[in-house]
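Now for the letters of each chain:
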Amino acid sequence: DGDVFKYYVDGAWTPTTSGKSVGIINPSTLKSLFKISACTQDEVNKCVDSCKAAQKLWAKVPLWKRAEHLHKLAAIMKDQKITIADCLVKEVAKCMKDAMVEVVRSGDLIDYTAEEGIRILSEGKFLTSDPFPGNERNKYCLASKIPLGVVLAIPPFNYPVNLAVSKIGPALIAGNSVLLKPPTQGAVATLHMVHCIHMAGFPNGLVNAITGKGSEIGDYTTTHPGINCISFTGGDTGIAISKKAGMIPLQMELGGKDTCLVLEDADLELAATHIVKGGYSYSGQRCTAVKVVCVMESVADELVKKINEKIKKLTVGMPEKDCDITPVISETSANFIQGLVEDAKEKGAKLHQEWKREGNLIWPVLIDKVLPDMRIAWEEPFGPVLPIIRIKSVEEGIHHCNANNFALQGCVFTKNIDKAIMISDAMESGTIQINAAPARGPDHFPFQGLRDSGIGSQGIINSINMMCKTKSTVINLP
Ligand code: G3P
């Protein structure tokens, strides 16, 4: 069927035997946009077998050649940036400017991964036996890094291309093969990226891409005995995957409720700029978005005034027009966001802007005087709505941050660096930014969540290290 995007196995775009498809809706128009293959469990088996066979050969390809392939992929992706970005605009309603940034950033990430991989993977260890009590110097240990095997990569809708390559790049440079399961919204952009892999001339089967319904192939794939590692970014599904997964390394990034702490001595102009950028860019649909502001009561009015002035300047509309605020990913998501706002309003919060929604397009809202009994104080809206909690002490803000199950990032605004570092230590989240909004990048920095925000640490360096195992050879001298 020419209308349905095929899945990719063994170097070939292949139609599914199910005869079924999954529809992708354009979040901006709510109209049907593309159809992707609803693959079967047999097709998952086919992909895994193909990955397994390709990996055995890839592991023997010299490191410099693996790196060369990745550099070629990066160049092709940058070349194809308009096509890929155009898909992101239509499929996930990301504005054109940000969509282009996502593709270029992905190319840079792949280049950096190739370079970093050369350094990390060329280093092994040589140990002698005699430091350990009771031993002579008669054993030499040579330890080096070997690949895990088949890595299952599952990126989310908000950065389908970037969070696919942040898993694929490290996996490949380390000698693994990859089974990619793109998110439904964003699948076509991701499949275009897979076609770049195809054009870069990687061996057939090294990267296979399966699409379909979670209910049919989700559990089957994540619990497949042929999978040796799962790297997942997304929501609660990650908790379910972790509970069912076998004895394999997991890398999980599962969202956040990043707290922004604003102290009395903060540069309020700077804080407001970062809060608006951090809270509302891509309509708040980033795991690292500012998701709750805890501000000291004495400076709250001034901060709120500055934030409101900046919100007024945000453009609201369609992604093709490069608006700041674009439609959220789905009707379900828009309804959920609306529910959180209504709950806060009913319980006495103050909305600084009038609630306005057309389809999936939600106008930005700042929700002031939020109290702990309101859902929005704790839940992640993934939309352009930001709660403000007025606090009487810094401890109150730290407590709010630490009481949440999510613990991805957080930030603190103050001019007192000693205080900032002490607060960073006290905030129990994966990363704390001092005087800037949370962010994952630069992409070689470690990126991790505590508690329900994830397992393991990402970032280029950590991902490469996570996707290999240590193998030792011990030389026993007579
Ligand atoms: O939401 C996914 C997370 O990786 C965000 O990345 O670059 O927007 O901080 P970034």
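Our subject in this report is the structure included herewith. (Residues numbered from 1 in each chain as written. Predicted model: local features only at pLDDT ≥ 70, side-chain atom pairs only at ≥ 80, totals over all residues. Heavy atoms only, no water.)

1. Overview of the overall build of the chain
We apply this condition: Only runs of H or I of at least four residues qualify as helices and only runs of E of at least two qualify as strands under DSSP, and these elements are numbered from the N terminus. Our radius of gyration is a C-alpha quantity, and the globule rule it is checked against amounts to 2.2 Å times the number of residues to the power 0.38. Exposed residues in this analysis have more than 50% of their type's maximum accessible area, buried residues have under 20%, and partly exposed residues fall in between, with area computed by a 1.4 Å probe over protein chains only. Areas reported here follow the Shrake-Rupley algorithm with a probe of radius 1.4 Å; residue values treat only the protein chains shown as occluding.
Of regular secondary structure, the chain possesses 14 helices and 27 strands. Computed over C-alpha atoms, the radius of gyration of the chain comes to 24 Å, within 12% of the 23 Å expected from 2.2 N^0.38 for 478 residues, which places it in the range of a compact globule. Dimensions of the chain, computed from the C-alpha atoms along their principal axes, are close to 75 × 65 × 40 Å. Counting every position in the chain, which comprises 478 residues, the buried fraction comes to 56%. Element-wise, carbon and sulfur atoms account for 55% of the exposed surface of the chain, whose accessible area totals about 19,800 Å².

2. Comments concerning the pattern of salt bridges
Operational definition: Between Lys or Arg on one side and Asp or Glu on the other, a salt bridge is scored when a side-chain nitrogen of the former is within 4 Å of a carboxyl oxygen of the latter.
Under the defined criterion, the tally for this structure stands at 17 salt bridges. Here Lys94 and Glu102 are joined by a salt bridge, their closest N and O atoms 2.6 Å apart. Here Lys94 matches Glu102 in class, with each residue buried. Here Glu297 and Arg390 are joined by a salt bridge, their closest N and O atoms 3.3 Å apart. Residue Glu297 is located in helix H10 (residues 297-312), and its partner Arg390 is located in strand E19 (residues 385-391); the two are separated by 93 residues in the primary sequence. Connected via shared salt-bridge partners are Glu297, Asp301, Asp368 and Arg390.

3. Structural notes on the side chain of His400
Our working rule: The criterion used for residue contact is that any of the two residues' heavy atoms lie within 4.5 Å.
Tracing the backbone shows His400 in helix H12 (residues 394-403). Residue classification places His400 among the buried residues on the basis of a relative accessible area of 7%. Beyond its immediate stretch of four places on either side in the chain, His400 contacts Val292, Cys294, Ala377, Trp378 and Ile389.

4. Side note on the site of the ligand
For clarity, the cut-off: To be near a molecule or strand, a residue needs just one of its heavy atoms within 4 Å of it. Between N or O atoms, a polar contact is any pair within 3.5 Å; within protein, one atom must be a potential hydrogen donor and the other a potential acceptor, and residues adjacent in sequence are included only when both atoms are from side chains.
Contacts to the ligand come from Arg105, Asn158, Tyr159, Leu163, Glu253, Arg286, Cys287, Thr288, Ala439, Arg440 and Phe447. With respect to the ligand, the side chain of Arg105 contributes an N or O atom lying 2.9 Å from an oxygen atom. For the ligand, an oxygen atom lies 2.6 Å from a polar atom in the side chain of Arg440. Its free accessible area being 310 Å², the ligand has 97% of it covered by the protein chains.

5. Digging into unusual backbone geometry
In the segment running from Gly441 into Pro442, the intervening peptide bond is cis, with an omega of -5°. Along the chain, Pro442 falls in the loop between strand E22 (431-434) and strand E23 (447-448). For Asp322, which is not glycine, the phi dihedral falls at a positive 60°.

6. As for the sheet that holds strand E14 (residues 290-296)
Quick note on the threshold: For two strands to pair, DSSP has to find at least two bridges joining them. With axes taken as lines fitted to C-alpha atoms, and helix axes fitted only over the stretch in contact, angles between N-to-C directions fall between 0 and 180 degrees.
Ordered in space as E15-E18-E19-E14-E13-E21-E22, the seven strands form an open sheet in which the pairing is mixed. Two strands close off the open sheet at either side, each with one partner strand: strand E15 (350-351) and E22. In the sheet, strand E13 (residues 258-262) pairs with strand E21 (residues 409-413) via four bridges, with the strands oriented parallel. Counterpart to Thr259 in the pairing with E21 is Gly410. Against the sheet, helix H13 (residues 417-426) contacts E13, E21 and E22, and its axis sits at roughly 165° relative to E22.

7. Describing the nonpolar core
Which entries qualify depends on this criterion: In plain words, nonpolar cores are sets of buried Ala, Val, Leu, Ile, Met, Phe, Trp, Tyr and Cys residues tied together by side-chain atoms within 4.5 Å.
By size, the foremost hydrophobic cluster in this structure holds 65 residues, and its most contacted members are Leu73, Met77, Ile168, Leu172, Leu180, Met193 and Phe202. It is helix H6 (residues 187-199) that provides the largest number of residues to this core, a total of eight residues. The contacts of Leu73, once residues within four sequence positions are left out, are Ile110, Met193, Cys196, Ile197, Ala200 and Phe202. By size, the runner-up hydrophobic cluster in this structure holds 57 residues, among which are Leu263, Ala271, Ile337 and Ile367.

8. Considerations on the environment of Gly226
Summarising the element assignment, Gly226 is placed in the loop between helix H7 (214-222) and strand E11 (229-233). You can call Gly226 buried: its relative accessible area is 3%. C-alpha separation for the pair Gly226 and Ala439, spaced 213 residues apart in sequence, amounts to 34 Å. Among residues more than four places away in sequence, those in contact with Gly226 are Val48, Lys52 and Val150.

9. What about the sheet that holds strand E4 (residues 21-25)?
Hydrogen bonds between backbone groups are what pair the strands of a sheet, and the pairing can be parallel or antiparallel. Pairing in this open sheet of three strands is mixed, and the strands run E1-E5-E4 from one edge to the other. Two strands close off the open sheet at either side, each with one partner strand: strand E1 (4-5) and E4. Pairing analysis gives five bridges linking E4 to strand E5 (residues 32-37), with the strands arranged antiparallel. In the strand pairing of E5, Ile25 is matched with Ser32. This element, H6, spans E1, E4 and E5 of the sheet and lies at about 55° to E5.

10. Remarks on a nonpolar patch on the surface
Operational definition: Nonpolar side chains (Val, Leu, Ile, Met, Phe, Trp, Tyr) are joined into patches within 5 Å and like charges within 9 Å, using only residues with over 30% relative accessible area and no salt bridge.
There is a patch of nonpolar side chains on the surface, built from Phe126, Leu142, Ile475 and Leu477 and spanning about 330 Å² of accessible area. Tracing the chain through its elements places Leu477 in the segment after strand E27 (468-476).

11. Quick look at the pairing of E19
Counting buried positions over the seven residues of E19 gives seven, a clear majority of the element. Neither face of E19 is open: one carries Val385, Pro387, Ile389 and Ile391, the other Leu386, Ile388 and Arg390, and all of them are buried. Of the strand pairs in this sheet, strand E18 (residues 365-368) and E19 are connected by three bridges, and their pairing is parallel. Opposite Ile367, over in E19, you have Pro387 as the bridge partner.

12. Examining the side chain of Thr190
Tracing the backbone through its elements, the reader meets Thr190 in helix H6. Dropping the residues within four chain positions of it, Thr190 is found in contact with Pro160, Val161, Ala164, Leu180, Pro182 and Pro183.

13. Focus: the packing of helix H4 (residues 96-122) against helix H5 (residues 162-173)
Put simply, the rule is: Should an angle fall under 35 degrees it is taken as roughly parallel, and over 145 as roughly antiparallel, whereas 65 to 115 is taken as roughly perpendicular and any remaining angle as oblique. Two helices cross in a left-handed way if the nearer one is turned anticlockwise from the farther one by less than a right angle. They cross in a right-handed way if the turn is clockwise. Gly falls in the polar group here, along with every residue not listed as nonpolar (Ala, Val, Leu, Ile, Met, Phe, Trp, Tyr, Cys, Pro) or charged (Asp, Glu, Lys, Arg).
Between H4 and H5, the least distance of the axes is 9 Å, while the angle of their chain directions is 20°. With respect to each other, H4 and H5 are oriented roughly parallel. Relative to H5, the crossing made by H4 is right-handed. Residues Glu102, Arg105, Ser106, Leu109, Ile110, Thr113, Ala114, Gly117 and Leu121 of H4 touch H5, and the partners they reach there are Asn162, Val165, Ser166, Gly169, Pro170 and Ile173. Here the residues of the contact of H4 with H5 sort into seven nonpolar, six polar and two charged.

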